[in-house]
Amino acid sequence: MKEHIENKNITNIVILGSTGSIGKQALEVADKHPERFRVIAIAARDEVSLLQEQVQKYNPLAVAVFDPDAYLQLREKTGDQCRVLAGIDGICELTSFPEVDTVLVAVSGAIGIKPTLAAIRAHKRIALANKETLVAAGDIVMRSAREENVDIIPVDSEHSAVFQCLQGETSYLKKIWLTASGGPFRDFTSDELARVTVDMALQHPNWSMGPKITIDSASLMNKGLEVIEAHHLFNVDYDRIKVLIQRESIIHSMVELVDGSFLAHMGVADMRIPIQYALTWPGRLESPARSLDFTSLTAIHFEQVDDSRFPGLSLAYEAGRAGGTMPTVLNAANEIAVKSFLNGKIKFTDIPGLVEKTMSKHSLILNPNLETIFEADNWAREICQAMVKGGKV
Ligand code: NDP
Ligand code: MG
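Definitions and limits used
Residues numbered from 1 in each chain as written. Chains lettered and ligands numbered in written order. Predicted model: local features only at pLDDT ≥ 70, side-chain atom pairs only at ≥ 80, totals over all residues. Heavy atoms only, no water. Near = heavy atom within 4 Å. Polar contact = N/O pair within 3.5 Å; in protein donor to acceptor, adjacent residues only side chain to side chain. Helix = DSSP H or I, 4+ residues; strand = E, 2+ residues; numbered from the N terminus. Nonpolar A, V, L, I, M, F, W, Y, C, P; charged D, E, K, R; others polar. Core = buried A, V, L, I, M, F, W, Y, C linked by side-chain atoms within 4.5 Å. Buried < 20%, exposed > 50% of the residue type's maximum accessible area, 1.4 Å probe, protein only. Contact = heavy atoms within 4.5 Å. 1 Å grid on protein atoms, 1.4 Å probe; cavity = no way out; pocket = protein on both sides within 12 Å on 5 of 7 lines; lining within 4 Å. Points joined across faces, edges and corners; volume = space filled by probe spheres on them. Pairing = 2+ DSSP bridges. Axes fitted to C-alpha atoms, helices over the stretch in contact; angles between N-to-C directions.

K.L.:
Could you clarify how one ought to interpret the site of ligand 1 in this entry?
P.N.:
In the vicinity of ligand 1, 26 residues are found, and the nearest of them are Thr19, Ser21, Asp46, Glu132 and Gly210. Gly20 places a polar main-chain atom, nitrogen or oxygen, 3.0 Å from an oxygen atom of ligand 1. The contact in question runs from an oxygen atom of ligand 1 to an N or O atom on the backbone of Asp46, over 2.7 Å. Every element with two or more residues in the shell around ligand 1 is listed here: α1 (21-32), α6 (131-148) and α10 (211-219). Here the shell around ligand 1 is composed, by residue class, of 12 nonpolar, eight polar and six charged.

K.L.:
Would you take a moment to explain the nonpolar core for this structure?
P.N.:
Counting 124 residues, the largest nonpolar core has Leu16, Leu94, Ile152, Phe234, Leu330 and Phe348 as the members making the most contacts within it. Beyond its immediate chain neighbours, meaning those up to four positions away, Leu16 contacts Ala43, Ile91, Leu94, Thr95, Val103, Leu104, Val105, Ala106, Val107 and Pro115.

K.L.:
Explanation requested: empty space enclosed by the protein in the structure shown.
P.N.:
A probe as big as a water molecule, rolled over the atoms, marks out the empty space that is left. According to the stated counting rule, one finds one cavity of 30 Å³ or more in the structure shown. Of the voids in this model, the largest cavity is the one considered here, and its volume is about 70 Å³. Lining the largest cavity, in full, are Ser157, Ser160, Gln164, Trp207, His252, His265, Val268, Asp270, Ile273 and Pro274. Counting only elements with at least two residues in the lining of the largest cavity, the list comes to α7 (157-165) and α12 (272-280). For the lining of the largest cavity, the element with the highest residue contribution is α7, accounting for three residues. The residue inventory of the lining of the largest cavity, partitioned by class, reads four nonpolar, five polar and one charged.

K.L.:
I tried to follow the sheet that holds strand β10 (residues 251-257) on my own but got confused; where do I start?
P.N.:
Sheet strands pair by backbone hydrogen bonding; their relative direction is either parallel or antiparallel. What the four strands build is an open sheet, ordered β9-β8-β10-β11; its pairing is mixed. Lying at the two open borders of the sheet, with one neighbouring strand each, are β9 (241-245) and β11 (262-266). In this sheet, adjacent strand axes meet at a mean angle of 20° when their direction is disregarded. For strand β8 (residues 173-180) and β10, the ladder comprises five bridges, and the chain directions are antiparallel. Residue Leu173 lies in a different strand from β10, and its bridge partner there is Leu257.

The structure is reproduced here in structure tokens:
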């Protein structure tokens, strides 16, 4: 065992998705507080050179790589400096090392389900950025966390905001108000939306994020996924989860309490704040983020989402209310649709249509077990992919 990990004041963290937007910002948080955090394992899909740099810098116990070729390359490059594990099993194995305190799940997509469940089984605290895991398998993941008495601390900024507002207030909660920036196309007409290019969609006005969530933010499907995420994290009915556009991204979300009080979480749009909070909860530390400058703020606007231009949100409410395998199908179809848009195969406005068509072909299964979830996920990916290939978008 490397000696640094025995210090009890230090939180030993595993970062799944260390080469991504959230993963890199988590490493910045760890850099700012070397006396509090040690990065003892990292994982990614195939970014070999960045993983190798991270291995050099953080000297972790182990690194896991999903892609088989990338695994071989990294093993050759790192020699015997640290253990290199392969595939989804290797990623799951990292989460259960005895030295680990907290697992930050920051991979993109439903691939996060197995490592999250592995971390729960190993009784590690989970800092969860990966919303697709809760959308696709929220009932199973939350039930398992309750049974194993494991804390799942949200990293997603809206859910971190709600979580912070709810400290000591959970029993007084009336409604959750999730805020949305509205994305880069919030003022576009339907015709303009149909002409959106990949480059345009990858420019977000307020946040800098990985490609998948950036497209989801532009289509507002991200907010739909977040409604389902909030339902699971806070155990609240869909009727009590509302969405508002707050275009300046100053208010990160709000809770409405039974006595008519609203508590809002405010701050700059900087993911290092919620990432750090998920690692320090219930305490706090100084953040590398800048402070909010109220003198440069002229107004905070609130608007309703226009469902006709942005159908992703209402599709997510529909899938969430249907329950069972339907949110799994919504998520899987959306993952394929977003990938197809990024690869130039479909138009931006085809994304919600593909999700809707895949959902409409699905025979709902209520109370699915994990195997059924994975079957529904695979089924939806195949159906959606076939529609893209066949030009039936
Ligand atoms: P990125 O695309 O920037 O990064 C994704 C990370 O996941 C990369 O490290 C990637 O590795 C890794 N990864 C992808 N697939 C696999 C796989 N099969 N096995 C192992 N690792 C994999 O995404 P983000 O950081 O933007 O988002 C991560 C998650 O956090 C998403 O679920 C997103 O919805 C959520 N989130 C992100 C926010 C943000 O500001 N970015 C805000 C709120 C939530 P590689 O680089 O090798 O491909
Ligand atoms: Mg969010």
